[in-house]
Amino acid sequence: MVRAVLLSSRSGVSLSNLQVEYKDLTGELIPYKQLGYATLDALLHSMPSVVKLDKGQSGEVVCHATTGNEVTRITKLAARQHTAKRTGRPQVVNCQMRVKPAAPFVLNDLINRVCDSLQIYSASVYDFMVLVYSLSLQYSPSNLNENTTPAKPKLPHSAPYSPKLVQSRIKEVLNKHSNGLWVSKLPPLYREHYKQDLPNEALKDLEHWTHICSVKTSQITPQSAATPPTPDKSQFHHNKPQTQRSSATSKSSTLASPRDLPPDVKQKLGELLLKYSSGLWAHALPKLYQDTYKCKLPEFVLDHLTLLSDICTIDYPMPDNSKRAILYAKVLEDENRNQSGLAGSETKETVERCLSSQTVPSLVIPREEYPSVLVVEASDTNSVILRYIGEGYSKAQEKLEDEMREFYGQDINKVALTSPLSGQLTAVHAEEEEEILRAQVCEVMADKVKVYYVDHGFSEVISKSKLFELHEKFYRLPFQATKCKLAGLESFSQEQAVLKRFESMATGKILLAEILERKEVPLMVLYDTSQDDDININAACMKALQDKSLESPLKVNSAYMNVNVTSVCSDGTIYCQVPSRGLTKLNGILEKTENYLHSQVTSELLVSRPFCGKNCLARYKGKWSRVEITNLHGSRVLDILFVDVGIRASVEVTELREIPPPLLRDLISTPPQALKCCLADLPVSVGSWTPDAVHWLRDTVLHCSDCSLKIAKVDESKRLAHVYLFTSKNFHDTSCSLNQQLADLNLWNHQKDVFLSSRGPSKSLNAPTNPATIHNTDVQDKAPHTLALPPLLELPEIGQNMDVFVSVACHPGHFVLQPWQDMYKLVDLMGEMILHYNKMEEKPLKVEKNQVCAAKLENNWYRVLVKGVLTNGLVSVFQLDYGKHELVSCTQLRPLTQEFCQLPFQAITAQLAGLKPRQWSEEASIVFRNHVEKKPLVAQLDSVQEASQSWDRKVVIYLVDTSQEERDIWLHDIMFPSGFLNSEVHPEFSV
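By the naming in an unreviewed UniProt entry, the protein chain is Tudor domain-containing protein 7B-like, taken from Cyprinus carpio.

Printed below as a string of structure tokens:
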């Protein structure tokens, strides 16, 4: 984490400011005392592989990240680039992917992707933390504007639990050698157990990891005292609650095992865990085991997870809940298997040896999550030729070619290659652009030779007179033309329809690449980000295999009976299945799929590598149906679209299955059978429907088994049919259509006032006024549902301290806090809300002022209080856990279930103590926000203005910033200067 902080500043970080920067990133101070050092300076001097200390111009000590071959800078995805078929001067290309707006639950996504990447990268701990930092940049609110340079990220809404995996693994190895072992034996043992190389930095820092081991005279022994002391809670320096794994682990380790786990059960569990390299929640095991092996998992397994300790690592992200565990498979390598060479970059000796034999080092895959690539060509989607763009790649190549042009521009250096041999490296003079390029001889002819340009990825037949001997100094840069495999297209890699689509969409373009697997030929998903919406190239190529003759028919004035309306969206869009050849074929294939999955007892069909655009299977109404993955919330929860019924849902990855290989081609070639429609001749357009109209249409058509429709017109660009819909076969008379009935029912009128009155609908006037309950009613005539609200959040005694996170700050008289210690519970709650509400059928909710419900904002679900309802269908809501006011469509509201009312609402409205109430100037408000918003602080309670509801409750507190090592900063002291009282600009603000 120190390295991640230092890498964010090219000019280094002053020693006095390092703690502030570190706390901004992690939420806590560097615990040098817990690590056994008297000062921070002493700790830093003990980590030469991480930090280098220099004297600045003013004499102050400045910390710099130690550079090395292992570290690849995380750079911006923009570079000058040559075209694929022609050499020439570079052009400026912007290929940065747009970042979707951040939301609190993306923390789970961040954690899961980081854990997932650890398995893929085979990275050292500090490289891994650089990845954490780069991902946090993506999720930072300051990074939402693509036209601005991303600022240093602030702490997310919740603090991630980041186990030091390398140290944990070393502990596991040492526990099997209680008498110790030679340090030289640790790397091969580590590789044997985890199929990864032990990072060199870990060997350098071993002697400083006294909490896990002791190193003396080249021998390493396990340390018995492995848990660092807990800080004194009475002090201000406790910005983050202690979340030691040992507390949860001890709970499960004290349970006695009733019996040994049968070997066949253990083997099957091992197979399941290997399918989910980023970890598997323990609670998902029973259903997954049942679905895969058609038998029950012994019930005692979940209560005795230690029985699995030899096949997996058990992690407890919530220390106070031993039932919520994540299991990570242990990969044991075959002893007879040849060990691969070095991980990461080559050593200096290896490079020198390569140069002496005129070989070129291998190209290292970029470490950033979304590198930019130039696609050269593809005759096979399993072997797409491309080049990476950016520092160390295209820019390094341009520098090399500039050097080659200068070098071979001197006649003395032009040594002709008179007798070229196949496979020989050479320098080629490209006359058109006066370039000198590296190439490899492919074929020698009479007076010509076929060469492959190793940095540009294409071949050409040229005259032998253009060949020169390649000087040794031009062997140092890896060949820039490399290959990748396109995810999802493995079985159709040479299909002409796929290759033709890829040629038109990708060849010669700079795209963004998502690297799923980092192998010799990496597995990728490519995106074109040059349009308003990002285009998934892999998914587009897969659609090229669809048989157009099997598409749902779209002919104007055509009428269809026996129509099945499968979905009515909140914007008025409907999806139908009409009788067709495609639907008949699909039903037959899905029946075969059902039989296949029912008869197979194997883990091969579990989806272990989900990605956007992937086609797979999920259950819909009890049967397997085709889905496309549309979004990932980490490695556990994802959004899917049932392509044949037009329904979106959120599921856990364990609920997905791969399409069986024997049926893959048939299912992929059959187009989606959900026909997208909207009702013609209505007084409002799609997107302006009221909840009442949506609900009426759903009640009318979703349970009708014999609908009919007539197509009025077709929007080919959107593949949208404007139709008349009927619940009978009388489709000749449009006056009998549901379109006409909807128009006559007058369900489109909104209330005249901008906001509804505080009374709400008349049917709620006589509702009980008990402040502990709120009554929700939907548009159906059902009895009101009484929702028991959660208890008020417990606060410390007056004068006591609590760790808080400031989620919103307007000015010292109004800001919102969240208690730090329960943030992980809120993250878990939001994950469960995503799974619950995204699976629910959409039902309009009749909204009242002061109603508590669930609202969907930026693909996440929040607990909210309705503040008012506007006439245009928007609702003003207050986020009860984050303290923010938002506008949301009424179609995005759902009843809050009792299950999600156990955790107290987390937002605490506050004002700063020690100051008299006043009208704060804009300058003062900005200074205050800069000091506190999105930061963890310590709060000392001064007084409480109690109320029956949490949103009416208010606390008066002192805020203390404890990030400075030398002193604590009381915020009311900063806001008190006379400059604010006279409405002058505060000196700090002017700076």
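Peer 1: How would you explain the overall build of the protein chain if you had to name every residue and give the values?
Peer 2: For the protein chain, the helix and strand inventory stands at 24 helices and 44 strands. When the 991 residues of the protein chain are sorted by exposure, 51% land in the buried category. A separation threshold of at least 6 residues defines the contact pool for the protein chain, and within that pool the share at least 24 residues apart is 66%. Carbon and sulfur atoms provide 49% of the accessible area of the protein chain, an area that totals close to 46,100 Å².

Peer 1: Please provide a residue-by-residue account of the pattern of salt bridges, values included.
Peer 2: Scanning the entire structure with this criterion turns up 18 salt bridges. Here Lys-548 ties to Glu-551 by a salt bridge, and the two come within 3.5 Å at their closest N and O atoms. Note on Lys-548: relative accessible area 55%, which makes it exposed. The exposure class assigned to Glu-551 is partly exposed, which follows from its relative accessible area of 22%. Residue Asp-644 is joined to Arg-626 by a salt bridge in which the shortest nitrogen-to-oxygen separation is 2.7 Å.

Peer 1: Tell me about helix H16 (residues 581–599), and please be specific about residues and values.
Peer 2: The first and last C-alpha atoms of H16 sit 28 Å apart over 19 residues, in line with the 27 Å expected at 1.5 Å per residue. Buried within H16 are the following residues: Gly-582, Leu-583, Leu-586, Ile-589, Leu-590, Thr-593 and Leu-597. One side of H16 holds all its buried residues, which, seen down the axis, span an arc of 125°. Among the exposed residues of H16, those pointing more than 90 degrees away from its buried face are Arg-581, Thr-584, Glu-591, Lys-592 and His-598. Contacts made by the buried residues of H16 are with strand S24 (574–577), strand S25 (615–620), strand S26 (623–633) and helix H17 (661–669).

Peer 1: Describe the environment of Asp-744, and please don't skip the residues or the numbers.
Peer 2: Among the structural elements, Asp-744 can be located in helix H19 (residues 738–745). When the C-alpha positions of Asp-744 and Leu-682 are compared, they lie 9.9 Å apart, and in sequence the two are 62 residues distant.

Peer 1: Explain the sheet that holds S24 to me, and be specific about the residues and the numbers.
Peer 2: Judged by pairing direction, the barrel is mixed, and its five strands sit side by side in the order S23-S24-S29-S31-S30 before closing back on the first. Shown here is a sheet whose adjacent strand axes are inclined to one another by a mean of 55°, direction ignored. Where S24 meets strand S29 (residues 675–679), three bridges bridge the pair, whose relative direction is antiparallel. Pairing of Cys-576 across the sheet is with Leu-675, part of S29. Sheet strands in contact with helix H18 (residues 691–701) are strand S23 (559–568), S24, S29, strand S30 (707–715) and strand S31 (720–726), and its direction is about 125° off that of S23.

Peer 1: Explain the sheet that holds strand S1 (residues 13–14) residue by residue, including any values.
Peer 2: Pairing is antiparallel across the open sheet formed by three strands, whose spatial order is S1-S3-S2. Because the sheet does not close on itself, it has two edges, and the strands there are S1 and strand S2 (51–55). Here S2 pairs with strand S3 (residues 61–65) via five bridges, running antiparallel. The residue of S3 that forms the bridge with Asp-54 is Val-62.

Peer 1: Give me unusual backbone geometry: which residues, what numbers.
Peer 2: Positive phi, normally seen in glycine, also occurs at Asn-557, with a value near 75°. For Asn-557, the location among the structural elements is in the loop between helix H15 (537–543) and S23. Of note, the phi angle at Glu-858 is positive, near 50°, even though the residue is not glycine. Considering the arrangement of structural elements, one finds Glu-858 in the loop between strand S36 (852–857) and strand S37 (860–869). Owing to a relative accessible area of 48%, Glu-858 belongs among the partly exposed residues under this scheme.

Peer 1: Quick one: what's the story with the side chain of Thr-891, residue by residue and with numbers?
Peer 2: Tracing the backbone shows Thr-891 in the loop between strand S39 (885–889) and strand S40 (893–895). One polar contact links Thr-891 to Gln-892, side chain to side chain, over a distance of 3.5 Å.

Peer 1: Which residues make up the pairing of strand S42 (residues 936–945), and what values do they have?
Peer 2: Note on strand geometry: in a regular strand, side chains alternate between the two faces of the sheet. Sheet topology note: the strand S34 (residues 801–811)/S42 ladder contains five bridges and is antiparallel. Each residue of the ladder has a partner; that of Asp-803, found in S42, is Val-938. Two elements, S42 and strand S43 (residues 954–961), share seven bridges in a ladder whose sense is antiparallel. When the bridges of S43 are listed, Gln-940 appears paired with Tyr-958.

Peer 1: Before we move on, can you summarise the packing of H18 against H19 with the specific residues and values?
Peer 2: Closest axis-to-axis distance for the H18/H19 pair is 11 Å, and the angle between their directions is 145°. Here H18 runs over H19; the crossing is right-handed. Contacts from Ala-693, Trp-696, Leu-697, Thr-700 and Val-701 of H18 reach H19 at Leu-738, Gln-741, Leu-742 and Leu-745.

Peer 1: Before we move on, could you go through the nonpolar core and cite the residues and values that matter?
Peer 2: By size, the foremost hydrophobic cluster in this structure holds 40 residues, and its most contacted members are Leu-269, Leu-305, Leu-308, Leu-327, Ile-640, Phe-642 and Leu-656. If you list the elements that add at least two residues to this core, you get helix H10 (263–275), helix H11 (285–293), strand S10 (312–315), S25, S26, strand S27 (637–642) and strand S28 (647–652).

Peer 1: Pulling in residues and values, what's your account of the environment of Ser-422?
Peer 2: Turning to its location among the elements, Ser-422 is positioned in the loop between helix H13 (394–408) and strand S14 (425–430). By relative accessible area, which is 56% here, Ser-422 ends up exposed. Between the C-alpha atom of Ser-422 and that of Glu-443, which follows or precedes it by 21 residues, the distance is 5.7 Å. Here the side chain of Ser-422 touches Cys-442 through a polar contact of 3.2 Å, landing on its backbone oxygen.

Peer 1: Please give an account of the confidence of the model for the protein chain that cites residues and values.
Peer 2: For the protein chain, per-residue confidence averages 77 on the pLDDT scale, and 75% of positions sit at 70 or higher. Contacts for the low-pLDDT stretch residues 750–784, under 50 throughout, to residues beyond four places or in other chains number 65 contacts.

Peer 1: Before we move on, could you go through the pairing of strand S12 (residues 372–377) and cite the residues and values that matter?
Peer 2: Of all six residues in S12, five are buried; the element is thus mostly enclosed. Pairing analysis gives five bridges linking S12 to strand S13 (residues 384–389), with the strands arranged antiparallel. Residue Val-373 lies in a different strand from S13, and its bridge partner there is Tyr-388. Remark: six residues form the turn of the hairpin made by S12 and S13, two consecutive strands paired antiparallel. Bridging between S12 and strand S20 (residues 510–517) involves three bridges; their strand directions are antiparallel. Along S20, the bridge assignment pairs Leu-374 with Ile-510.

Peer 1: Just give me the short version of the environment of Leu-738, but keep the residues and values in it.
Peer 2: Position of Leu-738 relative to the elements: it lies in helix H19. Sequence separation between Leu-738 and Leu-725 is 13 residues; the distance between their C-alpha atoms is 5.5 Å.

Rules used throughout
- Residues numbered from 1 in each chain as written.
- Predicted model: local features only at pLDDT ≥ 70, side-chain atom pairs only at ≥ 80, totals over all residues.
- Heavy atoms only, no water.
- Helix = DSSP H or I, 4+ residues; strand = E, 2+ residues; numbered from the N terminus.
- Buried < 20%, exposed > 50% of the residue type's maximum accessible area, 1.4 Å probe, protein only.
- Contact = heavy atoms within 4.5 Å.
- Areas by Shrake-Rupley, 256 points an atom, 1.4 Å probe, with all protein chains shown as cover.
- Salt bridge = Lys/Arg side-chain N within 4 Å of Asp/Glu carboxyl O.
- Expected span 1.5 Å × (residues − 1).
- Arc of directions from axis to C-beta.
- Pairing = 2+ DSSP bridges.
- Axes fitted to C-alpha atoms, helices over the stretch in contact; angles between N-to-C directions.
- Polar contact = N/O pair within 3.5 Å; in protein donor to acceptor, adjacent residues only side chain to side chain.
- Left-handed = near helix turned anticlockwise from the far one by under 90°.
- Core = buried A, V, L, I, M, F, W, Y, C linked by side-chain atoms within 4.5 Å.
- pLDDT = per-residue confidence, 0-100.

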